Amino acid sequence: GSELAGGIAAKLVYPERQVVVITGDGSLLMSSSDFVTAVEAAANILVVVLNDSRYGMITAMQLMRFGRSLGDKIGTINFARFAQSFGAAGVRIESFGKLTETIEQALALNRRTPVILDAVCSNELHGNYSVIVRKLRNMQKTFQKNVFDI
């Protein structure tokens, strides 16, 4: 996935804006080495990882083509710890009851470092993803203007 690289580029071009990257765990795994660039360049982006322990695009394509999926599961990965291993901040949420508080915590940390918010989701297609995206859009007024315009 190119979401992480795009978010880093957006932050470097518009350093005064809050940049939020929304990606899946499989997509982040394919570009995870880019996260060190965010740390080294002080590109303080917020990366929301929708962590359902599977390669969602592969699952979707296999289900459409074959009616089943195979080899699309990912082991349990703690992306908050991944971020911390680079000296950045990482926050993990496993229950949506505290989603607003967790996003606010991640945004506060994001003022001084890149942050990964590891949101553990249902592994059903179109599961809890929409809850997180809707919450972020509803919270847009608390972000600096134009969060979703880049």
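Analysis parameters
- Residues numbered from 1 in each chain as written.
- Predicted model: local features only at pLDDT ≥ 70, side-chain atom pairs only at ≥ 80, totals over all residues.
- Heavy atoms only, no water.
- Helix = DSSP H or I, 4+ residues; strand = E, 2+ residues; numbered from the N terminus.
- Buried < 20%, exposed > 50% of the residue type's maximum accessible area, 1.4 Å probe, protein only.
- Contact = heavy atoms within 4.5 Å.
- Polar contact = N/O pair within 3.5 Å; in protein donor to acceptor, adjacent residues only side chain to side chain.
- Phe/Tyr/Trp six-rings, centres within 6.5 Å; stacked < 30°, edge-to-face > 60°.
- Lys NZ or Arg CZ within 6 Å of the ring centre and 35° of its normal.
- Salt bridge = Lys/Arg side-chain N within 4 Å of Asp/Glu carboxyl O.
- pLDDT = per-residue confidence, 0-100.

What to know about the overall build of the protein
Then comes step 1: Looking only at helices and strands, the protein has seven helices and four strands in total.
Then comes step 2: The helix and strand sequence of the protein, counted from the amino end, reads α-β-α-α-β-α-α-β-α-β-α.
Then comes step 3: Across the 150 residues that make up the protein, the buried fraction comes to 41%.
Then comes step 4: Restricting to contacts in the protein with at least 6 residues of sequence separation, those with at least 24 account for 73%.

What to know about the side chain of glutamine 18
Then comes step 1: Tracing the backbone shows glutamine 18 in the loop between α1 (3–13) and β1 (20–24).
Then comes step 2: At a separation of 2.6 Å, a polar atom in the side chain of glutamine 18 contacts the side chain of asparagine 110.

Quick word on unusual backbone geometry
Then comes step 1: Of note, alanine 42 is a non-glycine position whose phi angle comes to about 55°, a positive value.
Then comes step 2: Tracing the sequence through the fold places alanine 42 in the loop between α3 (35–40) and β2 (46–51).

A look at the packing of aromatic side chains
Centre-to-centre distance and the angle between the planes together describe a pair of aromatic rings.
Then comes step 1: By the definition in use, this model includes four aromatic pairs.
Then comes step 2: With 6.0 Å between their ring centres and 45° between their planes, phenylalanine 35 and phenylalanine 82 make a pair best called tilted. Taken together, the residues phenylalanine 35 in helix α3 and phenylalanine 82 in helix α5 (residues 79–85) connect sequence positions 47 residues apart.
Then comes step 3: Aromatic pair phenylalanine 79 and phenylalanine 82: ring centres 6.4 Å apart, planes at 75°, arrangement edge-to-face. With phenylalanine 79 and phenylalanine 82 both in helix α5, this residue pair falls three residues apart, about one helical turn.
Then comes step 4: Among the aromatic residues, ring-to-ring pairing joins Phe35, Phe79, Phe82 and Phe86 into one connected group.
Then comes step 5: The ring centre of tyrosine 14 lies 4.3 Å from the NZ or CZ of arginine 17, which sits over that ring.

Quick look at the pattern of salt bridges
One side chain can pair with another of opposite charge once the charged atoms of both are near each other.
Then comes step 1: Evaluation of the coordinates by the stated rule reveals two salt bridges.
Then comes step 2: Residue glutamate 94 pairs with arginine 92 through a salt bridge whose shortest N-O separation is 2.8 Å.
Then comes step 3: Here arginine 92 makes a salt bridge to aspartate 118, at a shortest N to O gap of 2.5 Å. With a gap of 26 residues between them, arginine 92 in strand β3 (residues 89–93) and aspartate 118 in strand β4 (residues 115–120) connect regions that are remote in the sequence.
Then comes step 4: A residue is classified by how much of its surface remains accessible, and arginine 92, at 27% relative accessible area, is partly exposed.
Then comes step 5: Taken together, the salt bridges that share partners define one network made up of Arg92, Glu94 and Asp118.

Regarding the environment of valine 21
Then comes step 1: With respect to the helices and strands, the residue valine 21 is situated in strand β1.
Then comes step 2: In this structure the C-alpha to C-alpha distance between valine 21 and valine 47, which are 26 residues apart in sequence, comes to 4.7 Å.
Then comes step 3: When sequence neighbours within four positions are dropped, the list of residues in contact with valine 21 reads Glu3, Leu4, Gly7, Ile45, Leu46, Val47 and Val48.

Looking at the confidence of the model for the protein
Then comes step 1: Per-chain confidence: the protein averages 83 in pLDDT, with 81% of residues scoring 70 or above.
Then comes step 2: Within the protein, helix α7 (residues 129–138) has the poorest average pLDDT of any element, 64, and α5 the best, 97.

Let's talk about the environment of isoleucine 116
Then comes step 1: When you line up the elements, isoleucine 116 lands in strand β4.
Then comes step 2: Its relative accessible area of 0% is what places isoleucine 116 among the buried residues.
Then comes step 3: Once the C-alpha coordinates of isoleucine 116 and phenylalanine 82 are considered, the two residues, 34 residues apart in sequence, prove to be 8.5 Å apart.
Then comes step 4: Excluding its chain neighbours within four sequence positions, the residues that come into contact with isoleucine 116 are Leu28, Phe35, Val47, Val49, Phe79, Phe82, Ala83, Ala89, Gly90 and Val91.

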